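Commentary on secondary and tertiary structure
Each chain is listed here by its residues.
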Amino acid sequence: MTPSVSLLLMLLLGLSQAHPLMEEGSVAEIPVDEDDTVDITTRILTSNNVTDEILLEGDLLAPRTRNAMMCWSQNCLWRKASNGLVMIPFTMSSEFTSWERQKIDYAMNTFHSKTCIRFVPRQNEYDYISIENKVGCFSALGREGGRQVLSLNRQGCLYHGIIQHEINHALGFQHEQTRSDRDYYVRINWENINPQMAYNFYRQNTNNLNTPYDYSSIMHYGRTAFSIQYGRDSITPIPDPNVQIGQRQGMSYWDIMRINMLYGC
Ligand SMILES: [Zn+2]
């Protein structure tokens, strides 16, 4: 099959799966942070340019044991303890300075204060997140089983929003603009995307938890992600093309709601 035929097929397949949601709009919650002005995806994708990991959609580690699209069964979620909290063991590379550890702790604490997720230093648990200073910002999707790497490169990834973004992948959340109903809310400008990168924009069969499409999600790409040329948008919100996407300040109202819904907090 030629690339254009397979692309068309993907589009048609995607269209046949789509269904509209009645709700719309959402409220962004913006914690104070950061000197950064670059949107989150630009930063993540720039950091990941030189990585040799196999990454899907820019910063998702290619799953070893299952299809990333099917990460909505209980098997790929972290388990809830009898006290109602979801304890997620983690280790942190000794390469991080204490200031860098504080940044990561601070991002983790936002999950502690808004959800039932609790990151706890690993003792001897089998499943855990290993936070490492690899080349790039990336994570596995959901709980993989055993040790799973969440990479936060010291140079490019230690921003509040990026840390939250990668943690959200580890909790099981995919990118907002690949969710099943996205074609009602954004237009993917395939002509502005390198065909070899087009797979990053394929629609996924996601569990949207009956929540509205969220332009302000921390999981949403910016409008020029994977663009072939500076200034050309790969993603355009519809019908209003001026809606902001790709924010990097922190989790939105719906980002937090979804964690609480998915994990039954
Ligand atoms: Zn991502």
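Scoring rules and cut-offs
- Residues numbered from 1 in each chain as written.
- Predicted model: local features only at pLDDT ≥ 70, side-chain atom pairs only at ≥ 80, totals over all residues.
- Heavy atoms only, no water.
- Core = buried A, V, L, I, M, F, W, Y, C linked by side-chain atoms within 4.5 Å.
- Buried < 20%, exposed > 50% of the residue type's maximum accessible area, 1.4 Å probe, protein only.
- Helix = DSSP H or I, 4+ residues; strand = E, 2+ residues; numbered from the N terminus.
- Contact = heavy atoms within 4.5 Å.
- Disulfide = S-S within 2.5 Å.
- Axes fitted to C-alpha atoms, helices over the stretch in contact; angles between N-to-C directions.
- Parallel < 35°, antiparallel > 145°, perpendicular 65-115°, else oblique.
- Left-handed = near helix turned anticlockwise from the far one by under 90°.
- Nonpolar A, V, L, I, M, F, W, Y, C, P; charged D, E, K, R; others polar.
- Donors = N, O, S within 2.8 Å, 3.2 Å for Na, K, Ca; no water.
- pLDDT = per-residue confidence, 0-100.
- Polar contact = N/O pair within 3.5 Å; in protein donor to acceptor, adjacent residues only side chain to side chain.
- Phe/Tyr/Trp six-rings, centres within 6.5 Å; stacked < 30°, edge-to-face > 60°.
- Lys NZ or Arg CZ within 6 Å of the ring centre and 35° of its normal.

**Brief notes about the nonpolar core**
In terms of nonpolar packing, the biggest core is built from 38 residues, with Leu171 and Tyr263 touching the most fellow members. At 5 residues, helix H4 (residues 160-171) tops the list of elements feeding residues into this core. In this structure Tyr263 touches Leu77, Trp78, Lys80, Val86, Cys116, Ile117 and Leu171, once residues within four positions along its chain are discounted. Leu45, Tyr185, Tyr213 and Ala225 belong to the second-largest nonpolar core, a separate cluster that totals 15 residues.

**What about the state of the cysteines?**
Scanning all chains against the criterion turns up 2 disulfides. Shown here is the disulfide that connects Cys116 with Cys265, its sulfur atoms set 2.0 Å apart. A torsion of -70° about the S-S bond marks the disulfide between Cys116 and Cys265 as left-handed. Placement of the pair is Cys116 in the loop between helix H3 (98-114) and strand S4 (117-121) and Cys265 in the segment after helix H5 (253-262), with a sequence separation of 149 residues. Its relative accessible area of 6% is what places Cys116 among the buried residues. One disulfide in the model links Cys137 with Cys157; its S-S distance is 2.1 Å. Handedness here is read from the sign of the S-S torsion; for Cys137 and Cys157, about -85°, the answer is left-handed.

**Thoughts on the packing of H3 against H4**
At a minimum axis separation of 9 Å, H3 and H4 run at an interaxial angle of 55°. Between H3 and H4, the crossing angle belongs to the class labelled oblique. Remark: the crossing between H3 and H4 carries right-handed chirality. Contact residues: Lys103, Ile104, Tyr106, Ala107, Met108, Thr110 and Phe111 in H3; His160, Ile163, Gln164, Ile167, Asn168 and Leu171 in H4. Considered class by class, the residues forming the contact of H3 with H4 number 8 nonpolar, 4 polar and 1 charged.

**Some points on the coordination of the zinc ion**
For the zinc ion, every protein donor is listed as Asp59 (OD), Asp59 (OD), His165 (NE2), His169 (NE2) and His175 (NE2), and the spread of their distances is 2.0 to 2.2 Å. Mapped onto the sequence, the donors of the zinc ion take the spacing D-x105-H-x3-H-x5-H. You can see Asp59 sitting in the loop between strand S1 (55-56) and strand S2 (60-61) and its partner His165 sitting in helix H4, a full 106 residues away along the chain.

**Describing the confidence of the model for the chain**
For the chain, mean pLDDT is 82; residues scoring 70 or higher make up 79% of the total. When the criterion is pLDDT under 50, residues 64-69 qualifies, and its contacts beyond four places in sequence or with other chains add up to 15 contacts.

**Some thoughts on the environment of Asn208**
Take Asn208: it is sitting in the loop between strand S8 (186-188) and strand S9 (235-237). Among the residues examined, Asn208 registers a relative accessible area of 11% and is labelled buried. Counting along the chain gives 27 residues from Asn208 to Asp181, while the straight-line C-alpha distance between them is 8.7 Å. Every residue in contact with Asn208, bar those within four places of it in the chain, is listed here: Arg179, Ser180 and Asp181. Polar contacts involving the side chain of Asn208 include one to the side chain of Thr206, which spans 2.7 Å.

**Let's talk about the packing of aromatic side chains**
Using the criterion set out here, one finds 10 aromatic pairs in the structure. Ring centres 5.3 Å apart and planes at 70° place the aromatic pair Tyr213 and Tyr215 in the edge-to-face group. You'll find Tyr213 and Tyr215 in the same group, each marked buried. Seen from the ring of Tyr128, Arg122 lies directly overhead, with NZ or CZ sitting 3.9 Å from the centre.

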